[in-house]
Amino acid sequence: MSTEHYRILPDGAKRTLTLNGHVGFDSLPDQLVNKAVSKGFDFNILCVGETGIGKSTLMDCLFQKAFEDKPTTHKLPNVSLESSTYTLKEGTVTLRLTLIDTMGFGDQIGRADSHAPVVDYIDDQFEKYLQEELKIQRDMHSFHDTRVHLCLYFLPPTGHSLKSIDLSCMKELMHKVNIVPIIAKSDTIGKADLSKFKGRIMEEIHENSVDIYSFPIDDQPVAELNAKMNKLVPFAVVGSRETAEVNKKTVRARCYPWGTVEVENEGHCDFVKLREMVLRENMEDLREKTQSLHYERYRKAKLAEMGFAQRDETDQPVRLSELIEKRRQQHLQQMQAREDEMRQMFVNKVKDKEAELKQSEQDLHVKFESLKRTHAEEKRKLEDRRRILEEEMNKFNKHKAETQAAQAQAARDMAQGNSVGSPGSPKSGKRRK
């Protein structure tokens with residue numbers, strides 16, 4: 001088989017190269033398919049919507065599988081996300097499916113920041129993938145890719161218009177994930193009202209510049225189908241875990257007194273269209289757009305934040321080694337500046353502490369001198385008081401001694417007088433004569 005190829009020469013001319021036989025590189029697509037099938041595929045779906053709107057039920061219907069479902073109350077204080085990973089196999093293809101549920105979304109009174117945990121979760125998955133990419137020794141082949149490929153945004157079947165929480169949340173998510181809005185429990189709205197509701201939803205989405213996922217129309221095999229399905233967004237779906245027998249066939253359905261709504265009946269809802277568009281026709285496009293658009297946007301912003309640039313100030317390409325060396329030098333300069341700043345702060349604190357200690361020392365010295373003077377004054381007063389008391393004691397003792405001497409003298413005089421006047425005394429006899 002002869003095949004023509006072209007080589008672009010420096011002057012822009014084409015040089016035709018003809019293969020004169022079968023080489024074999026036409027089997028490259030088959031090699032890629034075999035390699036991809038042996039590795040398996042990761043696909044992650046984020047379900048955003050109010051509690052009880054039917055997120056888990058719709059996942060069971062999409063994959064014909066009864067996944068684990070934990071009942072959630074409406075009384076959660078904050079929005080939380082819970083992910084569950086399952087390994088599914090269909091034919092020769094293995095799919096590692098991760099389902100992420102938003103529990104408590106829209107149940108709080110202050111719901112303005114209900115989107116924050118959802119945005120943080122998506123960014124966390126991007127960050128994990130980026131960290132794995134930046135490792136010196138990385139293993140992307142076996143790495144579990146948890147980046148969110150599809151966000152199914154469940155809209156309540158109000159029949160009127162979008163809620164403000166839905167508009168604000170989709171605006172926050174549109175640059176991070178592929179959003180496909182769907183109307184849940186659409187069997188509660190009549191067909192005429194449902195058609196008008198779809199129109200109002202798309203009108204508000206366009207008016208508020210919300211960028212939702214559009215099925216690609218540049219791939220010729222599915223371009224016509226995708227263009228047709230883009231006009232049906234948002235899909236009106238019905239989910240059910242119950243089965244019913246319709247025309248001697250057991251199907252998933254919701255039974256009412258007035259009739260039966262079949263999940264996979266295209267005349268009843270858009271469930272089949274949703275499954276065909278998301279899983280059968282555009283799953284790889286969702287994965288590719290996550291990689292090439294949303295993740296690349298996050299990666300570019302993160303690397304720019306880290307100081308990496310694609311071109312220098314003169315608009316010339318920058319070699320990675322030069323960029324890393326420049327970044328290293330900047331980091332060293334920043335560290336040196338920080339070290340100098342911390343050293344100066346330490347010196348200033350030491351000086352302030354020294355000044356504080358000196359002032360405290362002066363205050364203590366002044367207080368000591370004051371106490372010393374007070375003590376000396378008190379001591380002097382005590383000495384004066386002691387001296388006065390000693391003088392008084394001396395006077396008292398002298399007076400006491402004089403008094404005792406006088407009493408002794410008086411006693412002697414009295415005793416002498418008594419002895420002179422007694423009858424047996426010679427003097428008294430002479431006196432009687």
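The present account deals with the structure reproduced in this document. (Residues numbered from 1 in each chain as written. Predicted model: local features only at pLDDT ≥ 70, side-chain atom pairs only at ≥ 80, totals over all residues. Heavy atoms only, no water.)

Bringing the overall build of the chain into the picture now. Across its full length, the chain holds ten helices and eleven strands. When the 433 residues of the chain are sorted by exposure, 31% land in the buried category. Taking the intrachain contacts of the chain between residues at least 6 apart in sequence as the baseline, contacts between residues at least 24 apart amount to 63%. When the accessible area of the chain is evaluated, it comes to approximately 29100 Å², of which 53% is carbon and sulfur surface. (Helix = DSSP H or I, 4+ residues; strand = E, 2+ residues; numbered from the N terminus. Buried < 20%, exposed > 50% of the residue type's maximum accessible area, 1.4 Å probe, protein only. Contact = heavy atoms within 4.5 Å. Areas by Shrake-Rupley, 256 points an atom, 1.4 Å probe, with all protein chains shown as cover.)

Quick look at the sheet that holds strand E10 (residues 249–256) now. The strand order E9-E10-E11 describes an open sheet built from three strands, whose pairing is antiparallel. The open sheet is flanked by strand E9 (243–246) and strand E11 (259–262), the only strands paired with a single partner. Going across the sheet, the axis of each strand differs from the next one's by a mean of 65°, ignoring polarity. The pairing of E10 with E11 spans four bridges and is antiparallel. Along E11, the bridge assignment pairs Tyr256 with Gly259. (Pairing = 2+ DSSP bridges. Axes fitted to C-alpha atoms, helices over the stretch in contact; angles between N-to-C directions.)

The next point concerns the nonpolar core. Counting 76 residues, the largest nonpolar core has Ile45, Leu152 and Phe235 as its most contacted members. For this core, the element with the highest residue contribution is helix H3 (residues 116–133), accounting for seven residues. Each residue touching Phe235, except ones within four places of it in the same chain, is listed here: Val180, Pro181, Ile182, Ile183, Phe215, Met229, Asp270, Lys273, Leu274 and Met277. (Core = buried A, V, L, I, M, F, W, Y, C linked by side-chain atoms within 4.5 Å.)

This paragraph deals with the packing of H3 against helix H8 (residues 283–305). Remark: H3 packs on H8, axes separated minimally by 10 Å, with the N-to-C direction vectors making an angle of 80°. Taken as axis vectors, H3 and H8 run roughly perpendicular relative to one another. Contact residues: H3 offers Asp123, Phe126, Glu127, Tyr129, Leu130 and Glu133, while H8 offers Thr290, Gln291, His294, Tyr295, Tyr298, Arg299 and Lys302. Split into classes, the residues belonging to the contact of H3 with H8 amount to five nonpolar, three polar and five charged. (Parallel < 35°, antiparallel > 145°, perpendicular 65-115°, else oblique. Nonpolar A, V, L, I, M, F, W, Y, C, P; charged D, E, K, R; others polar.)

Let us look at the sheet that holds strand E6 (residues 150–155). Spatial ordering of the open sheet is given by E4-E5-E3-E6-E7-E8, a layout of six strands whose pairing is mixed. The sheet is open, and its two borders are formed by strand E4 (80–90) and strand E8 (235–236), each paired with just one other strand. Judged from the five bridges that link them, E6 and strand E7 (residues 179–183) form a sheet pairing that is parallel. Residue pairing across strands places Leu152 opposite Val180, the latter belonging to E7. Each of strand E3 (41–48), E4 and strand E5 (93–103) touches H3; the most contacted strand, E4, lies at about 50° to it.

Once that is clear, we can look at the packing of aromatic side chains. Counted by the stated rule, this structure contains ten aromatic pairs. With a centroid separation of 5.9 Å and 50° between ring planes, the pair formed by Phe126 and Tyr295 is classed as tilted. You can see Phe126 sitting in helix H3 and its partner Tyr295 sitting in helix H8, a full 169 residues away along the chain. When the centroid spacing of 5.0 Å and the interplanar angle of 80° are considered together, the rings of Tyr129 and Tyr295 count as edge-to-face. With Tyr129 in helix H3 and Tyr295 in helix H8, the pair connects residues that are 166 residues apart, well separated along the chain. (Phe/Tyr/Trp six-rings, centres within 6.5 Å; stacked < 30°, edge-to-face > 60°.)

Glancing now at the pattern of salt bridges. Across all of its chains, the model carries 24 salt bridges by this definition. Here Arg338 makes a salt bridge to Glu341, at a shortest N to O gap of 3.6 Å. With Arg338 and Glu341 both in helix H9 (residues 320–420) and three residues apart, the pair spans about one turn of that helix. For Arg387, the salt bridge goes to Glu391, with nearest N and O atoms at 3.3 Å. On the criterion of helical spacing, the pair formed by Arg387 and Glu391 is a turn pair, its members being four residues apart in helix H9. Classification of Arg387 by relative accessible area gives partly exposed; the value is 41%. Judged by relative accessible area, which is 38%, Glu391 ranks as partly exposed. (Salt bridge = Lys/Arg side-chain N within 4 Å of Asp/Glu carboxyl O.)

Attention now goes to a nonpolar patch on the surface. Taken together, Phe346, Val347 and Val350 make up a surface patch of nonpolar side chains, about 240 Å² in accessible area. Secondary-structure assignment places Val350 in helix H9. (Patch = residues over 30% accessible without salt bridge, like charges linked within 9 Å, V, L, I, M, F, W, Y side chains within 5 Å.)

Given 3.6 residues per helical turn, the α-helix brings residues three or four places apart onto the same face. The buried count for helix H7 (residues 271–281) comes to eight of eleven residues, which makes it a mostly enclosed element. By the burial criterion, the buried members of H7 are Phe271, Val272, Lys273, Leu274, Arg275, Met277, Val278 and Leu279.

Right, let's get into the pairing of E9. Residues Ala244 and Val246 point to one face of E9 and are all buried, whereas Thr243 and Glu245, pointing to the other face, are not buried. Taken together, the four bridges between E9 and E10 define a ladder with antiparallel strand orientation. Within E10, the residue paired with Thr243 across the bridge is Arg252. Adjacent in sequence and paired antiparallel, E9 and E10 are bridged by two residues, among which Asn247 carries a positive phi angle near 50°.

Structural measurements only, silent on function.
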